[in-house]
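Chains, contacts and geometry: an overview
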Amino acid sequence: MKRIFLTACALLATLSLSAQTARTEQLLKEWDFRRDHDLRATEGWQQVRVPHDWAIYGPFSRDHDLQRVAVVQNGEKVATEKTGRTGGLPYMGKGAYRTAVAIDKAEDARYILLFDGAMSEAQVLVNGQKVGYWPYGYNSFWCDATEAVKTGENCIEVMLENMPQSSRWYPGAGLYRKVRLITVPQIHVPVWGTQITTPYVGEEYASVTIKTELKGVPEKSPVTLHTKILDATGKAVAEKRDTRNLYYGMPFEQHLTIDCPKLWSPETPNLYTAETTVIYEDRAVDTYTTRFGVRTIELRADKGFFLNGQLRKFKGVCLHHDLGPLGAAINKAAIRRQLTILKDMGCDAIRTSHNMPAEELVELCDEMGFMMQLEPFDEWDVAKCQNGYHRFFTEWAEKDMVNMLRHYRNNASVVMWSVGNEVPTQWNEGGYKVASWLQSICHREEPTRPVTCGMDQFPRVLENGFAAQFDVAGFNYRVHFYERGYETLPQNLILGSETTSTVSSRGVYQFPVEERKGAIYPDHHSSSYDVECCSWSNLPDLDMAVNDDFPWLIGQFVWTGFDYLGEPSPYDTDAWPNHSSMFGIVDLASIPKDRYWLYRSIWNTDEETLHILPHWNWKGREGEVTPIFVYTSYPEAELFINGKSQGRRVKSKASNMERYRLMWKEVKYEPGEVRVVAYDAAGKAVAEKCIVTSGKGYQLHVEADRTVLDKSGEDLAYLTVSVVDKQGNPVPTESRSVKVTVKGAGKFRAMANGDPTSLEPFHQPQMKLFSGKLTAIVESGTEAGDVEVTVTAKGLKPATIRLRVE
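The notes below deal with the structure included here. (Residues numbered from 1 in each chain as written. Predicted model: local features only at pLDDT ≥ 70, side-chain atom pairs only at ≥ 80, totals over all residues. Heavy atoms only, no water.)

Bringing the overall build of the protein chain into the picture now. Within the protein chain, the regular secondary structure consists of nine helices and 48 strands. Its C-alpha atoms give the protein chain a radius of gyration of 27 Å, within 12% of the compact-globule value 28 Å for 806 residues. Dimensions of the protein chain, computed from C-alpha atoms along their principal axes, come out at roughly 85 × 65 × 55 Å. The proportion of buried residues among the 806 residues of the protein chain is 61%. In the protein chain, 69% of the contacts between residues at least 6 apart in sequence involve partners at least 24 apart. Surface exposure of the protein chain reaches about 30600 Å², of which carbon and sulfur atoms provide 48%. Within the protein chain, the 104 negative side-chain charges are centred at a point lying 2 Å from the centre of the 91 positive side-chain charges. (Helix = DSSP H or I, 4+ residues; strand = E, 2+ residues; numbered from the N terminus. Rg over C-alpha atoms; globule rule 2.2 N^0.38 Å. Buried < 20%, exposed > 50% of the residue type's maximum accessible area, 1.4 Å probe, protein only. Contact = heavy atoms within 4.5 Å. Areas by Shrake-Rupley, 256 points an atom, 1.4 Å probe, with all protein chains shown as cover. Lys, Arg positive; Asp, Glu negative; His and termini not counted. Charge placed at Lys NZ, Arg CZ, Asp CG, Glu CD.)

We now examine the environment of glycine 234. Tracing the backbone through its elements, the reader meets glycine 234 in the loop between strand E15 (222-230) and strand E16 (236-245). Considered as a pair, glycine 234 and threonine 273 are 39 residues apart in the sequence and their alpha carbons are 8.4 Å apart.

Looking now at helix H8 (residues 594-603). Summarising burial for H8: eight of the ten residues are buried, a large majority. Within H8, burial applies to Asp594, Arg595, Tyr596, Leu598, Tyr599, Arg600, Ser601 and Trp603.

Okay, the packing of helix H1 (residues 332-345) against H8 next. For any two helices packed against each other, one specifies the inter-axial angle together with the distance between the axes. Remark: H1 packs on H8, axes separated minimally by 8 Å, with the N-to-C direction vectors making an angle of 55°. Relative to H8, the element H1 lies oblique. Together, Ile341, Asp344 and Met345 of H1 and Tyr596, Tyr599, Arg600 and Trp603 of H8 make up the contact between the two elements. Of the residues contributing to the contact of H1 with H8, the split by class is five nonpolar, no polar and two charged. (Axes fitted to C-alpha atoms, helices over the stretch in contact; angles between N-to-C directions. Parallel < 35°, antiparallel > 145°, perpendicular 65-115°, else oblique. Nonpolar A, V, L, I, M, F, W, Y, C, P; charged D, E, K, R; others polar.)

Of the two faces of strand E10 (residues 141-144), only the one carrying Phe141 and Cys143 is buried; Trp142 and Asp144 on the other face are not. By the bridge criterion, four bridges tie strand E7 (residues 109-115) to E10 in an arrangement that is antiparallel. Following the sheet pairing, phenylalanine 115 is matched in E10 by phenylalanine 141. (Pairing = 2+ DSSP bridges.)

Our focus in this paragraph is the pattern of salt bridges. This model, assessed by the stated rule, comprises 54 salt bridges. In this structure, the salt-bridge partner of arginine 300 is glutamate 298, at a minimum N-O distance of 3.2 Å. Classification of glutamate 298 by relative accessible area gives partly exposed; the value is 39%. Ionic pairing is found between glutamate 398 and arginine 444, a salt bridge with its closest N-O pair at 2.8 Å. (Salt bridge = Lys/Arg side-chain N within 4 Å of Asp/Glu carboxyl O.)

Taken in spatial order, the three strands of this open sheet run E20-E21-E22, and their pairing is antiparallel. Single-partner strands in this sheet number two, and they are strand E20 (297-300) and strand E22 (310-312). Direction aside, the axes of adjacent strands within the sheet are offset by 35° on average. Where strand E21 (residues 304-307) lies against E22, three bridges are found, and the strand directions are antiparallel. In the sheet register, phenylalanine 306 faces E22, and the bridge partner there is leucine 311.

For asparagine 355, the location among the structural elements is in the loop between strand E24 (349-352) and helix H2 (359-368). Looking at asparagine 355, the relative accessible area reads 2%, which means it is buried.

To continue, consider the pairing of strand E38 (residues 673-679). With five of seven residues buried, E38 is to be regarded as a mostly interior element. Bridge count between strand E35 (residues 636-641) and E38: six bridges; the pairing is antiparallel. Across the sheet, leucine 639 pairs through a bridge with valine 676, a residue of E38. For E38 and strand E39 (residues 685-692), the ladder comprises seven bridges, and the chain directions are antiparallel. Paired with glutamate 673 across the bridge in E39 is valine 692. If you look at the hairpin formed by E38 and E39, you'll find five residues sitting between the two strands, and glycine 683 has a positive phi there, around 85°.

Here we come to the packing of aromatic side chains. Counted by the stated rule, this structure contains 39 aromatic pairs. Centre to centre, the rings of tyrosine 136 and phenylalanine 377 are 6.0 Å apart; their planes meet at 40°, and the pair counts as tilted. Of the two residues, tyrosine 136 is situated in the loop between strand E9 (129-134) and E10 and phenylalanine 377 in the loop between strand E25 (371-374) and helix H3 (393-408); the sequence distance between them amounts to 241 residues. On the numbers, 6.4 Å between centres and 20° between planes, the contact of tryptophan 380 with phenylalanine 393 is stacked. Here tryptophan 380 is found in the loop between E25 and H3, whereas its partner phenylalanine 393 is found in helix H3, with 13 residues between them in sequence. Taken together through their ring pairs, the aromatic side chains of Tyr136, Tyr138, Phe377, Trp380, Tyr389, Phe392, Phe393, Trp437, Phe466 and Phe470 make up a single cluster. (Phe/Tyr/Trp six-rings, centres within 6.5 Å; stacked < 30°, edge-to-face > 60°.)

On to the sheet that holds E25. The eight strands are arranged E23-E24-E25-E26-E27-E28-E29-E32 in a closed barrel whose pairing can be described as parallel. Sheet twist, expressed as the mean angle between neighbouring strand axes with direction ignored, is 25°. By the bridge criterion, four bridges tie strand E29 (residues 494-500) to strand E32 (residues 553-559) in an arrangement that is parallel. Across the sheet, residue glycine 496 finds its bridge partner in E32, namely glutamine 556. Across the sheet, H1 lies against strand E23 (314-319) and E24, angled at about 150° from E23, the strand it touches most.

Below, the structure written as structure tokens:
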């Protein structure tokens, strides 16, 4: 039903808040939206639910943000048309949101609006009065709206504007992260107002220091803090009550002790909660909770990175912020899905490239056990994009850094800060001064974590003082400079801050199979044999080898964990319809590519891996050379085709690829069965896997990652849809269009097939299969009940799956 505005601030969605001095927090979900800044308009508003990304609904177009540029950091000197660079989606332009909140204003209360992210150049108004402005769309910020709030209905309006050529990838658009209204008493702990450190950690006890900022306390007045530390079960493990006379700007410092602490690590992500009550004039006036973990982090020259005293190397990936077919709109279930896939691969670290993360991502990394490197900027004072962050850097960089550092300084998962990625400032003579300034902000605000920066201009940064500034030097690619960097830089440590950038399209195999840089083909796809990369990057095996061989290399962050919208290299120059990346280990539909199993075979040391590629449906290639690769955690395997042995292969150091892959390069295709038998180090056959040439598609098949959802109205199930023949074998070449119907206590949310050239809209319940698969996303409702999902396609038997919302 359409809502009509009778006045400028007519009620959109009334959220009743009683006048009270106790802290309350309200999510503001229901908003009205329009694609301009005409706040007085009575027509043209659309009801939306925040988080909301206005651009993800498309349509795709070559002309959206078509950029004619030379990418200098890639060595380009002549400007060319970069098609699909920002995803071919309409993120540019103006947008406005408004909602209404009913408030019974209390004289001793403060009213805070907290935005987790607003893309971008946000202007915030309450009852027509401007209460805040924040230009950087990736950062969290808050506005004190107290002076503008009144008793009764309060109109909250947000105006946003995204300039063209302001990004190198799809940034999303709108109020794409949470918005909260926080009511606090006059005396209160402000947003991000606690800082928890553990100056000593041992087996017998851990010392915990809590610094709490207080607002509204008269200077030199006594105030009491009563703090309890609770473990994961809610049991109090430490408690303290202190009274201080505070002076202006002084934090309230407390020291507590946890006996026999349970440490946080990726394998044991133990967490604690500090619950602090503020007492003034014998009255409890505010309560503030902070979740944290107990762990130690240390860099040792020549030796590496140590977590809780144990040497380990980062087995990390870089992640862009979009969630594929959901766009930039944050959804916790979608993030959990990504992290679950990465966890099974053996990944233990995330680099948030190249922007501040969503709060939900950091919280889940705390809970699920991922170390994090948080990174705020892709450019500083020198431009990469015509309308990029350089416009705001001088005035806003420190403010943005402070917000990020204070927001996430208590999160156990965060073990390192980065201050930038491949910034052009790195090759300037005075660039090291800017680097030093940004690092000093980190050290001032949060001194317990090391600082890095992703650099790619070698050898320049080794010679101009830039790389020497950081606690650890971050090398983006340029593996051939690692040893020189180690020998010449004072840190005597190197981090692979961004590595590999191998490109592939899931289920697509190009012939002949050969290592190539910048390869392009008429079908606009890259080979899933994992032998192709960009001119400035390399294959995974090289990064694996140097991590195994160099003790002073503290690990790597692979570009990227998942495909993302925009940057469709190598099809980035006048190569429409490509509009999403091909770098991902997992595709845009959250379906793993072959490369996933290569990483899993090395990184997941708890479970076996045995994976065969390519598929074995090659009609028309009979008798032609069709190499078979095996990615396995075992050292040796034997290949059989239709029962005939093709020989055994053993991993060796003859080449980087032979070190991590088993390859039969001269196999000729014949339909039938491919069988691999794996052997352990003693030569014993311990595992076996088969793939077969399938028949014609007969029936659709659907599998859900979860069958029980919560009734939040936001929980998601990811359904993988594929085709099988009459014998139940998958048909990897199917491309028929599939329709999805959802009935009951849920609804269709989005679809994706992982094809970087597909222009089909994500929000329509029909899409073609790509390499025999696609993903449909179903969202829970707000009432308990059953959900029935049916998938149909012309000429195939349908499939149905049932989910439960509770």
